[in-house]
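Examination of the molecular architecture
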Amino acid sequence: MSTPVHLTPTRRPAAVLASARQRREGSRTGGPYRNPAEHALLGIQAGAGNRAATAAVQRARAGEQAGGQGSAPQNSTAPAGAQKKNYRDRIAGLLDRFKKNLDPIDTFIKGVQTPANAGFTQQAAAAANEGLKHSAAASGTSAASGNLLTEATGTVVSGMDAYKNMKDARKHETGAGHHTAGKKAKVKGTDAVIGAAGSGAYSAAIAKEVTKIQKAADAAVASEASGIASASVAALKSVRSVFRVGGAARKYRKVKELGDPHLVHAESLARLNESREHANWAAAEAFVALDAYWKQDGEGRLELIGEAVDAAWEAMGEARDAAETLQRAERDVEKLNTVQGYAKKKQLTKIGKETVGGALGESTKAAAGVVTAVAAGTAGLASNPVGWGLAGAGAGLVLGVTLYKALRAATKRYEEVRRPEVWAPQGETPAEAASRSESLKHALKFWKKVSKGERQAMAREIYALAAGPHIPGSGGTTQEMRQSGMALLIALKAGPSDHKLDEDAWVASLDDPAKTDAWIKEIAEQLASG
């Protein structure tokens, strides 16, 4: 709990009180301030002083908001830069919120409306039903417009995130903060490029549907261009998913190569157990010796008993320390086994999602785009249901993965507020559990990210295993266990080479309390990515 702040009454300086007393006495006795002109002059001075003080306070507050540097010079540009950055962050936040609100509608359009439109278009072409064809084209125009709005907004947000993370990576230069920001910059930059290509494809889709509505002569050309554009974007997304699957597979293999912690640390645990047994035997022998001295008579008996008591006390302390070291090592082995299993599970889950939703789903959509382009070019496959079937299959795969991810995220948000004690950091008082209705409301806030979930808890556990002795809670970690924790970090692509550090500097960063938050954030990101 924070220490309560006690407000103390502000005391007026003695000089101010004396000055006020002099002015009161002067006004009563006809003293130095009895002249009306002097009163007016004093009023002007007081007003100017108040305005100057107000301006000084405002400059100081502006300087504190810009960087906590106190009052800024009058010609300083720091407040303007801070305001510009603040506006940029606000705009990025609003656009991100707007895009996340569009995502459910976009998911429905891609998974339901677009495949249905393709089916109606095929049916209209087969039956030569102009009314149905016109209705399907109008629905397709609205669907592509919704997709374009979501894609364009996402492109802008990704571009702004990429720029921000590039600046953060240049600012940090090395270490966990540099690697996290640099990787995000690459991912968001790729998302921006693909988003721009997707926006172009949806623009072509709008043009295609408009030409159908207007029964323009170049409808076939527009359909062919739209099919090629959509196929190209889907193929690009499919290739990216293949690379992600490869990265997750390599990370899974490296974590698996670390071996079962129970087997890897069996020898070190055996040594610790042997040390504990020796310490227990030494304590037992010390107590036997103490008992023998108690039974002896003669000179020096008390001195011998005192020495025996000291020896027994020291032996008991060593036995206790050996037992605690063994118990701590056994707990750490269990933790290491848990976090390694979690890391492998995360990579397998990523492989599954990227394979189904990306490699298969997007490649199927690419094939549907090719069929659409061929049908438009030959004019003989207009009523062929192959394109419709491929579009529906691809959309179904992508929709299934999207719904799975949305359900998982909603479940995590629910648990975050319903059972905050489950994944709360050790030593931190968990927040009060929310009611069932409040938890359900929080779970439906799809634009919010989970801040205190299982992944963050596992990141803290991994960091505690690999961190140095100066990090609270890591002082009792054995050297063998610390080496295993570091090996896991290297397998998760958070090693010295990834952070542009030599091994000594990398190990020192793990033992720096000021970098704890950056490390936990880095590990959480590496657990989620391939």
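Residues numbered from 1 in each chain as written. Predicted model: local features only at pLDDT ≥ 70, side-chain atom pairs only at ≥ 80, totals over all residues. Heavy atoms only, no water.

A few words on the overall build of the protein. Broken down by element type, the protein carries 15 helices and 0 strands. In the protein, which comprises 530 residues, the proportion classed as buried is 33%. Put simply, 75% of the contacts in the protein that link residues at least 6 apart link residues at least 24 apart. Carbon and sulfur atoms form 58% of the exposed surface of the protein, whose accessible area is close to 30,900 Å². (Helix = DSSP H or I, 4+ residues; strand = E, 2+ residues; numbered from the N terminus. Buried < 20%, exposed > 50% of the residue type's maximum accessible area, 1.4 Å probe, protein only. Contact = heavy atoms within 4.5 Å. Areas by Shrake-Rupley, 256 points an atom, 1.4 Å probe, with all protein chains shown as cover.)

We now examine a positive patch on the surface. A cluster of basic side chains, namely Arg 97, Lys 441, Lys 445 and Lys 448, defines a positive patch on the protein surface. Tracing the backbone through its elements, the reader meets Lys 445 in the loop between helix H11 (436-443) and helix H12 (454-466). Judged by its relative accessible area of 30%, Lys 445 is partly exposed. (Patch = residues over 30% accessible without salt bridge, like charges linked within 9 Å, V, L, I, M, F, W, Y side chains within 5 Å. Salt bridge = Lys/Arg side-chain N within 4 Å of Asp/Glu carboxyl O. Lys, Arg positive; Asp, Glu negative; His and termini not counted. Charge placed at Lys NZ, Arg CZ, Asp CG, Glu CD.)

Turning to the side chain of Arg 413, a few remarks are in order. Take Arg 413: it is sitting in helix H10 (residues 386-418). Summary of buried charges: Arg 413 has no salt-bridge partner, and the nearest side chain of opposite charge, Glu 416, is 6.9 Å away.

Below, the discussion takes up the packing of helix H5 (residues 175-214) against helix H15 (residues 516-528). To describe two helices that pack against each other, one gives the angle between their axes and the distance between the axes. Direction vectors running N to C along H5 and H15 enclose 35 degrees, while the axes themselves pass 8 Å from each other. Crossing geometry of H5 relative to H15 is assigned as left-handed. Residue-level contacts link Ala 176, Gly 177, His 179, Thr 180, Lys 183 and Lys 184 of H5 to Ala 518, Trp 519, Lys 521, Glu 522, Glu 525 and Gln 526 of H15. The residue makeup of the contact of H5 with H15, split by class, is 3 nonpolar, 4 polar and 5 charged. (Axes fitted to C-alpha atoms, helices over the stretch in contact; angles between N-to-C directions. Left-handed = near helix turned anticlockwise from the far one by under 90°. Nonpolar A, V, L, I, M, F, W, Y, C, P; charged D, E, K, R; others polar.)

This part is about a negative patch on the surface. Residues Glu 303, Glu 307, Asp 310, Glu 314, Glu 318, Asp 321 and Glu 324 make up a contiguous surface patch of negative charge. Assignment of secondary structure puts Glu 318 in helix H9 (residues 301-378). Take Glu 318: its relative accessible area is 45%, and that puts it in the partly exposed class.

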